Amino acid sequence: MTGSLRRALFVNGLILMAAPLAWPGVRSGEAPAPVAKQVEAYLRSEMQERRIPGLQVAVVRHGKIALLGAYGLANLQHQVPVTDHTVFSINSATKSFTGVAMMQLAEEGKVDLDAPVSRYLEGLPAPWQPVTLRQLLIHVSGIPNIVNQRSGKLGTEGGDDAAWAHIQTVPMDFPTGERYSYNQTNYLLLGKVIDKVSGMPFVRFITEGQFQVVGMPGSGFGDSRDVIPLKADPYRYSREGHLSPVYEEFPAFLRTGAGLNTTAKEVAHWIMALQQRKLLKRESSLSALWTPGKFNNGTSAPDALGWPAIRQSPHRAVAGIGGARSAFYVYPDDDLAVVILTNLRGADPEKMIDTVAGFYLPTLREVNGSGFAVYELRTELLKRGFEHAAEVFRLARQKHPAFQPSENDLIAWGYRLLEQHHPEKAIPIFKLGTDLYPRSSNAYDSLAEAYEAAADRASALSNYRRSLELDSKNDHAVARIKALQSATGGPQSK
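Attention in this report is confined to the structure presented alongside it.

Rules and cut-offs
- Residues numbered from 1 in each chain as written.
- Predicted model: local features only at pLDDT ≥ 70, side-chain atom pairs only at ≥ 80, totals over all residues.
- Heavy atoms only, no water.
- Helix = DSSP H or I, 4+ residues; strand = E, 2+ residues; numbered from the N terminus.
- Rg over C-alpha atoms; globule rule 2.2 N^0.38 Å.
- Buried < 20%, exposed > 50% of the residue type's maximum accessible area, 1.4 Å probe, protein only.
- Contact = heavy atoms within 4.5 Å.
- Expected span 1.5 Å × (residues − 1).
- Polar contact = N/O pair within 3.5 Å; in protein donor to acceptor, adjacent residues only side chain to side chain.

This brings us to the overall build of the protein chain. Broken down by element type, the protein chain carries 16 helices and 15 strands. Taken over the C-alpha trace, the protein chain has a radius of gyration of 24 Å; the compact-globule value for 494 residues is 23 Å, and the two agree within 12%. The 494 residues of the protein chain split such that 54% are buried. Considering only contacts within the protein chain whose residues lie at least 6 apart along the sequence, 62% involve residues at least 24 apart.

Moving on, we come to unusual backbone geometry. Going from serine 313 to proline 314, the amide bond is cis rather than trans, its omega being -15°. Positive phi is not limited to glycine here, since histidine 315 has a value of about 55°. Residues other than glycine seldom take positive phi values, yet alanine 324 does so here, at roughly 55°. One can find alanine 324 in the loop between strand E12 (317-322) and strand E13 (326-331). Classification of alanine 324 by relative accessible area gives partly exposed; the value is 24%.

This paragraph deals with the side chain of threonine 98. Relative to the helices and strands, threonine 98 resides in helix H2 (residues 94-107). For threonine 98, the residues in contact, after removing those within four places along its chain, are Tyr187, Leu190, Ile194, Ile206 and Thr256.

With that settled, the discussion passes to helix H14 (residues 441-453). At 3.6 residues per turn, the α-helix brings residues three or four places apart onto the same side. Its 13 residues give H14 an end-to-end C-alpha distance of 19 Å, which sits within 8% of 18 Å, the value for a rise of 1.5 Å per residue. Those residues of H14 not exposed but buried are Ser441, Ala443, Tyr444, Asp445, Ser446, Leu447, Ala448, Ala450 and Tyr451. For H14, the N-terminal capping position is held by serine 440, with its side-chain oxygen 3.4 Å away from the main-chain nitrogen of asparagine 442. Downstream of H14 by a residue or two, alanine 455 has a phi angle that is positive, lying close to 65°.

Here's what the structure looks like:
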């Protein structure tokens, strides 16, 4: 890292030179320079740690854009920098826009969210007909998924029409309202409802009713089959750590669920427009949009109307999350929102947003301070060496008694180090995980994997066995113990 705020990453022989970091949206009185610099340092660190080629960020505070940043590369092959106008895929975060569209139709009296979908669409399978629009929005319908969740492709060959015909012959996954199951068929049906009751294709309805109202000229629908001006190329890392482009394909009839491309700045303006009643006329509509749905037994479902409900209190948050690469959180009670868009599948910006928000809401770290704790640990270990992980944690805990990285965050950090072929760094991180979470089978299993990657067979076996003691159903530990023993001739060999 140099003083000019440029950095280089080396990926598959390419040099990724980040554009100079700039924060043109900083507003006087909203994000004092120290806060902006702290956020900037955190995001630079996360980009390097997660090997993110390009990223945009926008922070909305008290109805204004308090922070706006664009850095890294939109295209690695041609070294094209990210700017405020670079367009990113937001994948399933598109559903938040569909939720707004449905609420707009409800305000106009054109739909009743608690009415069955069969009121608006004819010819549906009998088990689908009683499902309400609200149950579609919150993913408790029980209707089978038209998309294969593992492959991300349509569940049958033959194109869109064949897939639609086939899914209508598949039995329900579970009784409606009894369970949560993330599902693209739900939003396909909502798209058909929008087409029917609005009298126009849903793409046009969302464009005219949201993008044009807010002023979002860079936002629109499309995928790799389309020419999209200023679009950042998407990338992903293989299990072996190789970076490659991603070919995106979002069937047109599923684009109420995924397929929107936009910028962090435009999403920020869209959030402000929502809060300023420019998109929804009534306060009650916005409240309903961001209220988690209910299961049949009256307990809260994970999602509001197209918006995952991250947390109810304190620091209530709802979100749009897409493709493990784009996310935005709104903190309604704190008058704060954070948008982070990237071009790396697996960047998981949703895991960074609470940490960014914590720079503006320090008490948020008492609710979810794990991301900040990992950042602080990493910063110090890069200076002192990863072998000092336990000592650095101990000193941090003495200074801040609530200092506690979560098990999941430690394990994710350790696996990133393994993917980058640094088992010697991953082992102390996983070891810290077993120290902090000594009853976790997963913590010991992960530590064993790191020892195995470091060719320390004895330590790997010891930790796989401890993992199996804690969870007798850990098939991975059973398989690895058998493989390690077979490699050297039996359970007693070292």
